Amino acid sequence: MKYILTACVILAVVGGCSPSPRYTVQKSAPEKTPSSKPGVSKTPEAPISTETPSKIPAETPTETPVEKPPKGKKFHGKASFYAEEFHGRKTANGETYDMYGLTCAHKTLPFNTWLEVKNLSNGRTVIVRVNDRGPFAGDRIIDLSYEAAKSINMINEGVQEVEVTVIR
């Protein structure tokens, strides 16, 4: 009896020390990018899920998200990008950040909002999906994944003036 009680106490202590998941995410089929040619189409061809995770983690640094913005709403400002340092880490919605995906971070737009980002210096566009929160530096309005920034030719500049349009 003494050994059983000791084993139960040890299991309770070890079980209580195991880490809990950082985020709660609804499991669903992987989403497809909204174009057949990544980053250059202006019209989505595949259906896009508009579901958002059931819970935004409390530790996520974020402002209160705005209601769903209307399709066609435009924002102007500075964009930056993030790459190697965050590759493989969790994003604010619980996904693993892939610097080669076409995603972005925005301070308030709902997760899974699809945006068209136009580099105002060269006219190139890319379609990205919001899956993270940020940027938290300077007066920037959006942080693009490395691949998204590369597709609109802003890697060398690092920060670029953009026009962001809500497409879905």
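So, here's what we can say about the structure. Model, not experiment: these values are computed from the prediction.

Regarding its fold elements, the protein chain presents two helices and six strands. Overall, the protein chain shows an N-to-C arrangement of helices and strands of α-β-β-β-β-β-α-β. Out of the 168 residues in the protein chain, the part that is buried amounts to 39%. At a minimum sequence separation of 6, the contacts of the protein chain that also span at least 24 residues come to 75%. For the protein chain, the accessible surface area stands at approximately 10100 Å², while carbon and sulfur atoms represent 56% of it.

What follows concerns the packing of aromatic side chains. For the structure on display, the rule yields four aromatic pairs. Ring centres of Y82 and Y97 lie 4.5 Å apart, and the angle between their planes is 10°; on these two criteria the pair is classed as stacked. Residue Y82 is found in strand β1 (residues 74-82), and its partner Y97 is found in the loop between β1 and β2 (103-105); the two are separated by 15 residues along the sequence. With relative accessibility at 3%, the residue Y97 sits in the buried group. Linked through ring pairs, F81, Y100 and Y146 together constitute an aromatic cluster. One cation-aromatic arrangement involves R133 over F111; the distance from NZ or CZ to the ring centre is 4.2 Å.

Looking now at the sheet that holds strand β5 (residues 140-145). Spatially, six strands are ordered β1-β5-β2-β4-β3-β6 in a closed barrel, and the strand pairing comes out mixed. Taken over all neighbouring pairs, the strand axes of this sheet differ in orientation by 45° on average, direction set aside. Where β2 and strand β4 (residues 125-132) come together, three bridges link them in parallel fashion. Among the inter-strand pairings, C104 is bridged to a residue of β4, identified as V130.

Criteria and thresholds
- Residues numbered from 1 in each chain as written.
- Predicted model: local features only at pLDDT ≥ 70, side-chain atom pairs only at ≥ 80, totals over all residues.
- Heavy atoms only, no water.
- Helix = DSSP H or I, 4+ residues; strand = E, 2+ residues; numbered from the N terminus.
- Buried < 20%, exposed > 50% of the residue type's maximum accessible area, 1.4 Å probe, protein only.
- Contact = heavy atoms within 4.5 Å.
- Areas by Shrake-Rupley, 256 points an atom, 1.4 Å probe, with all protein chains shown as cover.
- Phe/Tyr/Trp six-rings, centres within 6.5 Å; stacked < 30°, edge-to-face > 60°.
- Lys NZ or Arg CZ within 6 Å of the ring centre and 35° of its normal.
- Pairing = 2+ DSSP bridges.
- Axes fitted to C-alpha atoms, helices over the stretch in contact; angles between N-to-C directions.

These values are about where atoms sit, not about what they do.
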